Amino acid sequence: MPKRVDHEERRAQIAEALIRVAGRRGLHAVGMREVAAEAGVSLRLVQYYFETKEKLLFYGLQHLTDLFTARVGARLAAAGPAPGPRATIEALLLASLPTDEESRTFHLLYSSYSILSVTDETLAAQPFIDNPNAAENALAGLLEQAREAKLADPGIDARTEAISLLAMAATMGTSILVGQRNPESAITVLHHHLDRIFSTTLTTAAPTAG
């Protein structure tokens, strides 16, 4: 009796091969033939599942996002049953920093896909991710929750702080990749800003000139 093929499992196998090859050579240099060789399957099979390189790259990005979500989940599980807003935000931000091989590949490929989609019309025509504002909305919600629970500075603007934290993590991730700084210094900077946000000290308004 022939073995039943699990198509999603086969797609994931090919996507993981793409991630490995792109992590070594860069996303721009990856072709379907190289991915097929890495996955141990025929080029025809890769073409059967994905038809074009652009569709393969897009699926690979979705798979990478799923792996990142699992990485955040593992950090939250390690933080305990009720981690709270700050621990949840830390888990999301720290998981995005390239501190090991897996997170390095995530940051490299995610950044590469963004750059390629600017100049590649086929990639640009596809949605980058299902909800590009998901991380921003999640952080803003957590910060608002912390502010209302008096766990954070009551004067913060949750949306602005969420945008700033994500931009900071992305920029520092790139600086780690190019060797400008090490992961430890980037984590120290993130903690500094989180300490500021989660300070509950009320800010006293400066007296007006009389």
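Student: Summarise the overall build of the protein; cite the residues concerned and give the values.
Tutor: Check the secondary structure of the protein and you find ten helices and zero strands. In the protein, the succession of helices and strands from N to C terminus is α-α-α-α-α-α-α-α-α-α. Here the protein, with 210 residues, has 38% of them falling under the buried criterion. In the protein, the proportion of contacts linking residues at least 24 apart, taken out of those at least 6 apart, comes to 66%. For the protein, the computed accessible surface area is about 12100 Å², with 56% contributed by carbon and sulfur atoms.

Student: Can you explain the nonpolar core? Please cite residues and give values.
Tutor: With 31 residues, the main nonpolar core has Val46 and Leu56 as its most contacted residues. Taken together, the elements giving at least two residues each to this core come down to helix H1 (7-25), helix H2 (32-39), helix H3 (43-50), helix H4 (53-79), helix H5 (84-96) and helix H6 (101-119). Those residues in contact with Leu56 that lie beyond four places of it in its chain are Ile14, Leu18, Met32, Val35, Val46 and Phe50. Counting residues in each nonpolar core, the second largest holds 24 residues, with Ile89, Leu97, Ala140 and Ile197 among its members.

Student: Lay out H3 in plain terms, naming residues and giving numbers.
Tutor: All of the buried residues in H3 are Val46, Tyr49 and Phe50. Along the axis of H3, the buried positions cluster into a sector of 80°, meaning they face one direction only. Away from its buried face by more than 90 degrees, H3 exposes Arg44 and Tyr48. For H3, the elements touching its buried residues are H1, H2 and H4.

Student: A description of the pattern of salt bridges should follow, citing residues and the corresponding values.
Tutor: Evaluation of the coordinates by the stated rule reveals twelve salt bridges. Of the charged contacts in the structure, one is a salt bridge between Glu8 and Arg11, with a shortest N-O distance of 3.9 Å. Of this pair, Glu8 and Arg11 both sit in helix H1, separated by three residues, roughly a single helical turn. The partner of Glu144 in a salt bridge is Arg147, with the nearest N and O atoms 2.5 Å apart. On the criterion of helical spacing, the pair formed by Glu144 and Arg147 is a turn pair, its members being three residues apart in helix H8 (residues 134-148). Classification of Arg147 as partly exposed rests on a relative accessible area of 27%. Through salt bridges with shared partners, a single ionic network connects Arg20, Arg24 and Glu38.

Student: Now, about the packing of aromatic side chains: what can you tell me, with residues and values included?
Tutor: Taken as a whole and assessed by the stated rule, the structure comprises four aromatic pairs. Ring centres of Phe50 and Tyr59 lie 5.2 Å apart, and the angle between their planes is 55°; on these two criteria the pair is classed as tilted. Across this residue pair, the class does not change: Phe50 and Tyr59 are buried. On the numbers, 4.6 Å between centres and 10° between planes, the contact of Phe68 with Phe106 is stacked. Of this pair, Phe68 sits in helix H4 while Phe106 is found in helix H6, placing the two residues 38 residues apart along the sequence. By the burial criterion, Phe68 is buried, and Phe106 matches it. In this arrangement the basic side chain of Arg11 is found over the ring face of Phe50, its NZ or CZ atom lying 5.3 Å from the centre. One Lys or Arg, Arg11, reaches over the ring of Tyr59 and ends 5.7 Å from the middle of that ring.

Student: For H8, give the residues involved together with the corresponding values.
Tutor: For H8, built from 15 residues, the straight-helix expectation of 21 Å at 1.5 Å per residue is met to within 8% by its first-to-last C-alpha distance of 21 Å. Buried within H8 are the following residues: Leu139, Ala140, Leu142, Leu143 and Ala146. Relative to the axis of H8, the buried residues are bounded by an arc of 165° and lie together on one face. Check the buried side of H8 and you find it contacts H5, helix H9 (158-177) and helix H10 (183-197). A positive backbone phi angle near 60° is found at Lys150, which sits one or two residues after H8.

Student: How would you explain the side chain of Ser112 if you had to name every residue and give the values?
Tutor: Along the chain, the position of Ser112 falls in helix H6. A polar contact of 2.7 Å, which involves the side chain of Ser112, links it to the backbone oxygen of Leu108.

About the criteria used
Residues numbered from 1 in each chain as written. Predicted model: local features only at pLDDT ≥ 70, side-chain atom pairs only at ≥ 80, totals over all residues. Heavy atoms only, no water. Helix = DSSP H or I, 4+ residues; strand = E, 2+ residues; numbered from the N terminus. Buried < 20%, exposed > 50% of the residue type's maximum accessible area, 1.4 Å probe, protein only. Contact = heavy atoms within 4.5 Å. Areas by Shrake-Rupley, 256 points an atom, 1.4 Å probe, with all protein chains shown as cover. Core = buried A, V, L, I, M, F, W, Y, C linked by side-chain atoms within 4.5 Å. Arc of directions from axis to C-beta. Salt bridge = Lys/Arg side-chain N within 4 Å of Asp/Glu carboxyl O. Phe/Tyr/Trp six-rings, centres within 6.5 Å; stacked < 30°, edge-to-face > 60°. Lys NZ or Arg CZ within 6 Å of the ring centre and 35° of its normal. Expected span 1.5 Å × (residues − 1). Polar contact = N/O pair within 3.5 Å; in protein donor to acceptor, adjacent residues only side chain to side chain.

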